[in-house]
Amino acid sequence: MAISELDLPTGVVAHSLADAAGQARLMADDAAKVLNYAVRTHGVASLVVSGGRSPVPFFEELSRRELDWSRVQISLADERWVPPSDAASNEGLVRRHLLQNAAAVAQFIGLYHPAATLEEAAQLADRRLAELGQPIDVLVLGMGDDGHTASLFPDSARLDHALRADCPDRCVAMCAPTEPRERLSMTYPLLASARMQCLAIQGMTKLETLRQALNADALRMPIRAFIHSPLEIYWCP
Ligand SMILES: O=C(O)[C@H](O)[C@@H](O)[C@H](O)[C@H](O)COP(=O)(O)O
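The chain carries the name 6-phosphogluconolactonase in an unreviewed UniProt entry, which gives Stutzerimonas degradans as its organism. Turning to the chain, the UniProt annotation filed under Pathway (unreviewed entry) states: "Carbohydrate degradation; pentose phosphate pathway; D-ribulose 5-phosphate from D-glucose 6-phosphate (oxidative stage): step 2/3." Comment text from UniProt for the chain, heading Sequence similarities (unreviewed entry), reads "Belongs to the glucosamine/galactosamine-6-phosphate isomerase family. 6-phosphogluconolactonase subfamily."

K.L.:
Go over the UniProt feature "domain: Glucosamine/galactosamine-6-phosphate isomerase" (unreviewed entry) in the chain with me, naming the residues and quoting the values.
P.N.:
UniProt records the feature "domain: Glucosamine/galactosamine-6-phosphate isomerase" (unreviewed entry) for residues 22–233 in the present numbering. Taken end to end, residues 22–233 is 32% helix and 19% strand, and its two terminal C-alpha atoms sit 14 Å from one another.

K.L.:
For the sheet that holds strand S8 (residues 182–186), give the residues involved together with the corresponding values.
P.N.:
The strands making up a sheet associate through backbone hydrogen bonding, with each pair oriented either parallel or antiparallel. Pairing is antiparallel in the open sheet, where 3 strands are placed in the order S4-S8-S7. Looking at strand neighbours, the two that pair on one side only are strand S4 (78–80) and strand S7 (171–175), the edges of this open sheet. On average, each strand axis in the sheet is inclined to that of its neighbour by 25°, with strand direction left out of account. Bridge count for S7 against S8 is 5 bridges, and the pairing is antiparallel. Pairing of Val172 across the sheet is with Ser185, part of S8.

The rules behind the values
Residues numbered from 1 in each chain as written. Predicted model: local features only at pLDDT ≥ 70, side-chain atom pairs only at ≥ 80, totals over all residues. Heavy atoms only, no water. UniProt positions renumbered as here; feature names shortened; annotations may be inferred. Helix = DSSP H or I, 4+ residues; strand = E, 2+ residues; numbered from the N terminus. Pairing = 2+ DSSP bridges. Axes fitted to C-alpha atoms, helices over the stretch in contact; angles between N-to-C directions.

Here it is as structure tokens:
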């Protein structure tokens, strides 16, 4: 199956790349263009990225693009509720691979906050996100094989709240089915307001997950909530 065979909604654009390096290069080019335009027209730009394993080549490529990074705010679509020094931390991943080279001077707005409870940490993150330029200029989502995106997992408690178009929260506490279970996730209104919305996926398994998501309910496959214009999907084998 090829991504071009999927019956995607109008306004959803699919890019098929030869490999992860090609996917990273094209995404970095496209994201840098939008960030540069935002800086030149609004004086600031906001970039929200996802964690996991596959974004690293993209982070490395984007970190080398020349633009006024001192005007760019970078945040996370979701975070594991672990300190940045923890190997599972998305903040640690971004600090190692994206906040380097030209992008080293970008402003980072993390979701992780030490707190007595996950709920309290989510409230602190929600408050901190008031500083993030909105609408987000560039959003990059990933997707799990189960159709989760950010830390919006199928059938999870409060998923319906987080996916509400009028959800009053920017960030909520979520529980993942795999360790680290305690998560913080941006909610649908904040994520879906982005001017440029990207989904980066790799491999045939995720292509099949995407195909299934087209006919699924968002509560069963949360990525479905984001498959609408103006989504740009970047896929490689
Ligand atoms: O914190 C996380 O793990 C991510 O935000 C998560 O939503 C990720 O994007 C998907 O799980 C895909 O991860 P991979 O790209 O590593 O497959």
